[in-house]
Amino acid sequence: MFEVQNQPPPLEPYNLFSTDAVLREAVRREGARWAEPGLTALGATLGEPETIRLGFDANRYMPQLRTLDRYGHRLDEVEFHPAWHELLAIALKAGLHSSPWAEPKSGAHVARAAGTFMLGQIESGVYCPVAMTYGSVPTLRQAPAIAKEWLPRIFSRDYDRSFRPAHLKASALVGMGMTENQGGSDLRTNTTKAEPSGDGTFRLHGHKWFMSAPMCDAFLVLAQSPKGLSCFLMPRWTPDGERNAVQILRLKDKLGNRSNASSEVEFHGAYAQLVGEEGRGIPTIIEMGNYTRLDCCIGSSALMRQAVAQAVHHARYRTAFQKKLIDQPLMTNVLADLAVESEAATALTMRLARAYDDNDETAQVIRRVVTPAAKFWICKRTPFVTYEAMEVLGGSGYIEESIMPRLYREAPVNSIWEGSGNIMCLDVLRAIERTPNAVDVIRRELGDGKDTRLKGFVDRLNKQFVARDRNDESQARVLVRELVLALQAALLIGHAPPAVADAFCASRLDGGSAFGLLPRGIDLRAIADRAAPAN
Ligand SMILES: Cc1cc2nc3c(=O)[nH]c(=O)nc-3n(C[C@H](O)[C@H](O)[C@H](O)COP(=O)(O)OP(=O)(O)OC[C@H]3O[C@@H](n4cnc5c(N)ncnc54)[C@H](O)[C@@H]3O)c2cc1C
């Protein structure tokens, strides 16, 4: 039998909070110092070998759809491995699904962001219902009677895995159904119909092409009612205690996010209640979208952090050519570059989270403009980081037992869902146009602009802000990338060690990669047509 040599120990147990200087500093800076004891405890729980194992199990034993019982009665249930439930129980116990609403206080969204940032490093699938439930609260509050009934359940920290009417349960989770087969970005094309029942409630008929976490207790759903596209709360059980008419057709066979079930569903007269004003479904549900977009930033930053933590850990133990990998100059460069990207993402995400705690003009602009901008750029960078970090582990990084393949498969999803990259960039253009004082507030956020490392870049960005062709959609990704890079540089210059800020400015302000950044004045369409497989 060969002797095992030169292998690092597993990164466990470890405390995801106390070992993460960038996160700890951000929590203090953004106003959630009071949360440190709770975050330290959660960081320890998540870093236990048993919890890490739950993440692996939840992804290995994937959810199973049960459409019918043995006699042919409809079930429309999804069975999850016990690990999924245990992870959700940890998340709810920590209040990650609702604590800023249940116990509002200064820094509550920041504290919750830090907690979900750690959860997302251990398992991203459970993050989906946690994020949707968190995001659902401001939308549900637009229907006071519904909020009165549902919020106490949503605020409960006792996870209840049973599938029964919500009023019999200790707690409730909320999902959402917007995307239909014919269109997900352009929600106005939704065809699902909502017929008034005559008693103030509605019956939904139609389908949803994506409806994740279908074992949530209720869903915010868009459907066409007599006055136009409207938002509804559709519970899995009717008030009479019957299964609601929601048929789960199949579960998506997804690239990643495999512990989580994402379903295709049909509604056959499903009971639903109106939320918000009839005919104003998109503005009503978009409230939720802001929070879930923040969570995409948190989730993607989490993937980067976990990838970098694993890579640096490995390189500190593994020797090649008589040196630890971390001491090989070229590897040191790779690791530092990865760490800089991760730190920039974490710093911006936590700054963004604070904008959800504050309510002044700055916070409003940051929420409205920077949420889609950060979602675009941070999510775009994540696949690059997870892939490069995987390579640090060499062949072992390609093997499932390291967490790296799971991180890599997970990496693209936050960019696609809740508004794909282009939709986010177009939203930034709209937000700058429509939000009062947006440009001034962002300029202030960038500081006095005097730092020599940032000055030229900010001058250029300022020119773009006022340019007459600012709304040229073909260039939206360029503007958004530069906006985010400037914000990240300003944060790192202000708060990170000089080496980190220097590295970021020296390497990122001359460009950063994603596709869709080609300049004006090129026949882009001709190039795209040339690549078409058939004319
Ligand atoms: C794992 C997973 C889970 C999901 N869970 C849910 C869920 O729970 N509930 C739910 O409602 N949805 C869910 N979705 C669906 C997701 O939100 C949509 O897939 C997404 O919004 C994009 O919609 P689409 O797939 O219809 O793509 P399309 O709308 O067809 O867009 C395709 C591409 O075209 C781009 N595009 C669209 N319009 C423009 C334009 N004007 N200019 C330039 N580019 C444009 C988009 O950016 C995108 O890249 C989930 C998706 C995934 C992958």
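Thresholds, definitions, all that
Residues numbered from 1 in each chain as written. Predicted model: local features only at pLDDT ≥ 70, side-chain atom pairs only at ≥ 80, totals over all residues. Heavy atoms only, no water. Helix = DSSP H or I, 4+ residues; strand = E, 2+ residues; numbered from the N terminus. Rg over C-alpha atoms; globule rule 2.2 N^0.38 Å. Buried < 20%, exposed > 50% of the residue type's maximum accessible area, 1.4 Å probe, protein only. Contact = heavy atoms within 4.5 Å. Areas by Shrake-Rupley, 256 points an atom, 1.4 Å probe, with all protein chains shown as cover. Lys, Arg positive; Asp, Glu negative; His and termini not counted. Charge placed at Lys NZ, Arg CZ, Asp CG, Glu CD. Pairing = 2+ DSSP bridges. Near = heavy atom within 4 Å. Polar contact = N/O pair within 3.5 Å; in protein donor to acceptor, adjacent residues only side chain to side chain. Nonpolar A, V, L, I, M, F, W, Y, C, P; charged D, E, K, R; others polar. 1 Å grid on protein atoms, 1.4 Å probe; cavity = no way out; pocket = protein on both sides within 12 Å on 5 of 7 lines; lining within 4 Å. Points joined across faces, edges and corners; volume = space filled by probe spheres on them. Phe/Tyr/Trp six-rings, centres within 6.5 Å; stacked < 30°, edge-to-face > 60°. Lys NZ or Arg CZ within 6 Å of the ring centre and 35° of its normal.

Trainee: Before we go on, may I ask you to explain the overall build of the protein chain in this structure?
Mentor: Looking only at helices and strands, the protein chain has 19 helices and 11 strands in total. Over its C-alpha atoms the protein chain spans a radius of gyration of 23 Å, differing by no more than 12% from the 24 Å that the globule rule assigns to 535 residues. Taking the principal axes of its C-alpha atoms as reference, the protein chain extends roughly 70 × 70 × 60 Å. A burial count over the protein chain gives 56% of its 535 residues as buried. Residue pairs in contact within the protein chain that sit at least 24 positions apart in sequence constitute 72% of those at least 6 positions apart. Looking at the protein chain as shown, the accessible area adds up to about 23,200 Å², and 53% of this sits on carbon and sulfur atoms. Seen as two clouds, the 63 positive and the 62 negative side-chain charges of the protein chain have centres 2 Å apart.

Trainee: Teacher, can you tell me more about the pairing of strand β6 (residues 218-225) here?
Mentor: Within a regular strand, side chains alternate between the sheet's two faces. A large share of β6 lies buried, amounting to eight of its eight residues. Here β6 shows two buried faces, one formed by A218, L220, L222 and Q224 and the other by F219, V221, A223 and S225. Both strand β3 (residues 174-177) and β6 contribute to a ladder of four bridges, which runs parallel. Counterpart to G177 in the pairing with β6 is V221.

Trainee: Mind showing me how you'd approach the site of the ligand here?
Mentor: Of all residues adjacent to the ligand, which total 20 residues, the nearest are M178, T179, G184, S185 and S212. With respect to the ligand, the backbone of M176 contributes an N or O atom lying 3.0 Å from a nitrogen atom. At 2.7 Å from an oxygen atom of the ligand is found a main-chain nitrogen or oxygen belonging to G184. Calculation on the ligand without its partners gives an accessible area of 970 Å², and the protein chains cover 67% of this total. Looking at the shell around the ligand residue by residue, the classes come out as nine nonpolar, nine polar and two charged.

Trainee: How do you make sense of empty space enclosed by the protein when you look at a structure like this?
Mentor: A complete count under the given rule lists three cavities of 30 Å³ or more for this structure. Roughly 60 Å³ of volume is contained in the largest cavity. In terms of lining residues, the largest cavity is bounded by V22, E25, R29, E343, A347, L491, L492, H495 and A496. For the lining of the largest cavity, a count of residues per class yields five nonpolar, one polar and three charged. Estimated volume of the second largest cavity: approximately 50 Å³. Around the second largest cavity, the lining residues are N59, G120, Q121, I122, E123, S124, G125, L303, I403, R406, L407 and E410. Listing elements by their share of the lining of the second largest cavity, those giving two or more residues are α6 (108-122) and α12 (404-410). For the lining of the second largest cavity, a count of residues per class yields four nonpolar, five polar and three charged.

Trainee: Which parts of the structure should I look at to understand unusual backbone geometry?
Mentor: With the exception of glycine, the majority of residues adopt a negative phi angle, and the majority of peptide bonds are in the trans configuration. Cis geometry marks the peptide bond from E12 to P13; its omega dihedral reads -10°. Here P13 is to be found in the segment before α1 (21-29). In the Ramachandran plot, A213 falls in the positive-phi region, its phi being about 50° despite a non-glycine side chain. Take A213: it is sitting in the loop between β5 (202-212) and β6. The backbone phi angle of E418 is positive, close to 60°, even though this residue is not glycine.

Trainee: Just to check I follow, could you spell out the packing of aromatic side chains for this structure?
Mentor: How two aromatic rings sit relative to each other is given by the distance of their centres and the angle of their planes. Tallied over the full model, the rule gives eight aromatic pairs. Ring plane angle 35° and centroid distance 5.9 Å describe the contact between W101 and Y134, whose orientation is recorded as tilted. With W101 in helix α5 (residues 99-102) and Y134 in helix α7 (residues 127-140), the pair connects residues that are 33 residues apart, well separated along the chain. Just as W101 is buried, Y134 falls in that class too. Pairwise contacts between aromatic rings join W101, Y134, Y291 and Y356 into one cluster. In this arrangement the basic side chain of K105 is found over the ring face of W34, its NZ or CZ atom lying 4.1 Å from the centre.

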